[in-house]
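Analysis of the macromolecular model
Spelled out, the chains give:
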Amino acid sequence: MKDILAELEGRRETARLGGGQKRIDAQHARGKLTARERVELLLDEDSFEEFDMFISHRCTDFGMENNKPAGDGVITGWGTINGRQVYLFSQDFTVLGGSVSATHAQKICKIMDMAMQNGAPVIGLNDSGGARIQEGVDALAGYAEIFQRNVMASGVIPQISVIMGPCAGGAVYSPAMTDFIFMVKDSSYMFVTGPDVVKTVTNEQVTAEELGGATTHTRKSSVADGAFENDVEALAEVRRLIDFLPLNNREKPPVRPFFDNPARIETSLDTLVPENANTPYDMKELITKTADEGDFYEIQEEFAKNIITGFIRLEGQTVGVVANQPMVLAGCLDIDSSRKAARFVRFCDAFEIPILTFVDVPGFLPGTSQEFGGVIKHGAKLLFAYGEATVPKVTVITRKAYGGAYDVMASKHLRGDFNYAWPTAEIAVMGAKGATEIIHRADLNDPEKIAAHAKDYEDRFANPFVAAERGFIDEVIQPHSTRRRVARAFASLRNKKLQNPWKKHDNIPL
């Protein structure tokens, strides 16, 4: 018996070493943690239960039968984050470059199936050289099996991908279908075709970092939702994000103890909106002053900064926030901001996370590049996302809400539950100057008359009261009472029931 136990422990020790000490040292030299170190950092201490530690590949081509490391380059299992169950896989770059074989994929599929059956999130720590070339189509089939599970799990359990090394070719499509993608600066990259192929086909000279590094994907492509300095910070932020999310689509988001008075008054908000209607201000100040303990978890902070998305808590409960940012492009909606916000709204709706919208939007961004790029269809994505959402929706208009952009930003007409406005709100088809020049075209050559008409238009429409008279605004509220009014609104909506007509699925304007 002792011999068997000793053999078990010996086999475990070998498996834990992955590709061996030399390769582990090389991983550390690149500033990266090993696959096992990442698992230990991400999960609660001693909570990890591993599956398939001894599994090995079945390939016999190219001499692979003589190189069959235990675990086959990926660590899989389940554990807890702050006591809540998650499933995860962590690819081991020290074992055959973390390449995906049929059995490697089989291990990942197994824990994805279990996550679906048991209603818990899946976290993928990606660090792989891609499909294992020696296995050919078997490796590709393994990838496709993973992709299919990503599709089936979408909207059922949260899926989070952390790119902690290379992720190229077909490997990028699994993370692309997950809910959140995080990257590590300077040590991770994602692309469909690498720099060498790009050079051969298009003759463009580009580095791996420029082509698919963290900066590229958080600022330009919007593929990634956040980038962090190192492995440790990335894993800590994943733990923080999991705390905001429900385990699956049949559970409510977690409620945590809070130490902030829901009726807290913020007098500084009374002067947040400047006297001059064209002067910007920072919408993040309103978000943090509304949130419990000022805690705001921003998503896609570096992309489309004219709109802000992320999570806060109100009375300990998770709320998704979408807000126009007047400091960037005056808070206009454009192609990028519409896509960014639409995806976030749909995630919140899929997982029963209530949505709070702060509005200061002068309209859609004009220009040929926007029209040629399909701003009509991209803007419709956000409109569609808000219109289909059945979760509690509370909207606060702080200043401008002009034209179609007023409709799009969670207006009463898109089944908004509570629609508030500050006294500084201006709800109209367009600004006074533009409206006057259209309505009073005959007086364009008389500056005095035009100024008088503009003043008249402002007095009539540059306020929230016309919309309030129609019932499109439920209440005009004092800025300092925003937290109290919003918290009470969401509290009253906790038992909201709303269902869309039966359909196989919708056809969102992609």
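Residues numbered from 1 in each chain as written. Predicted model: local features only at pLDDT ≥ 70, side-chain atom pairs only at ≥ 80, totals over all residues. Heavy atoms only, no water.

**Side note on helix H16 (residues 432-439)**
Inspection of H16 places Ala432, Ala435 and Thr436 among the buried residues, and these make up the whole buried set. One side of H16 carries all its buried residues, which in axial view fall inside an arc of 100°. Against helix H17 (447-461) lie the buried residues of H16. (Buried < 20%, exposed > 50% of the residue type's maximum accessible area, 1.4 Å probe, protein only. Helix = DSSP H or I, 4+ residues; strand = E, 2+ residues; numbered from the N terminus. Arc of directions from axis to C-beta. Contact = heavy atoms within 4.5 Å.)

**A look at a nonpolar patch on the surface**
On the surface, a cluster of nonpolar side chains totalling about 520 Å² of accessible area is made up of Met1, Ile4, Leu5, Leu8 and Phe54. Within the secondary structure layout, Phe54 lies in the loop between strand S1 (49-51) and strand S2 (74-81). For Phe54, a relative accessible area of 38% puts it in the partly exposed group. (Patch = residues over 30% accessible without salt bridge, like charges linked within 9 Å, V, L, I, M, F, W, Y side chains within 5 Å. Areas by Shrake-Rupley, 256 points an atom, 1.4 Å probe, with all protein chains shown as cover. Salt bridge = Lys/Arg side-chain N within 4 Å of Asp/Glu carboxyl O.)

**What to know about the nonpolar core**
Grouped together as the largest cluster of nonpolar side chains are 59 residues, with contacts concentrated most on Ile123, Ile160 and Phe311. If one sorts the elements of this core by residue count, helix H12 (residues 335-350) sits on top with 6 residues. (Core = buried A, V, L, I, M, F, W, Y, C linked by side-chain atoms within 4.5 Å.)

**Considering the packing of helix H3 (residues 35-42) against helix H10 (residues 231-242)**
Contact geometry for H3 and H10: axes closest at 9 Å, N-to-C directions at 40°. Viewed along their axes, H3 and H10 adopt a mutual orientation that is oblique. Our pair here, H3 against H10, has a crossing hand that is right-handed. For the pair H3 and H10, contact is made by Arg38, Leu41 and Leu42 and by Asp231, Val232, Leu235, Val238 and Arg239, respectively. (Axes fitted to C-alpha atoms, helices over the stretch in contact; angles between N-to-C directions. Parallel < 35°, antiparallel > 145°, perpendicular 65-115°, else oblique. Left-handed = near helix turned anticlockwise from the far one by under 90°.)

**Re the pattern of salt bridges**
Overall, the coordinates contain 30 salt bridges when judged by the stated rule. Here Arg483 ties to Asp260 by a salt bridge, and the two come within 3.9 Å at their closest N and O atoms. You can see Arg483 sitting in helix H19 (residues 482-492) and its partner Asp260 sitting in the loop between H10 and helix H11 (283-290), a full 223 residues away along the chain. Each of the two residues, Arg483 as well as Asp260, counts as buried. The network of salt bridges with common partners includes Asp260, Arg264, Glu266, Asp292 and Arg483.

**A few points about the packing of aromatic side chains**
This model, assessed by the stated rule, comprises 11 aromatic pairs. Ring centres of Phe311 and Phe347 lie 6.3 Å apart, and the angle between their planes is 70°; this geometry places the pair in the edge-to-face category. In this pair, Phe311 is assigned in strand S11 (residues 307-314) and Phe347 in helix H12, connecting sequence segments 36 residues apart. Accessibility classification places Phe311 together with Phe347 in one group, the buried group. Lying over the aromatic face of Phe93, Lys32 brings its terminal NZ or CZ to 4.7 Å of the ring centre. Above the ring of Phe244, the side-chain terminus of Arg313 is found at 3.9 Å from the ring centroid. (Phe/Tyr/Trp six-rings, centres within 6.5 Å; stacked < 30°, edge-to-face > 60°. Lys NZ or Arg CZ within 6 Å of the ring centre and 35° of its normal.)

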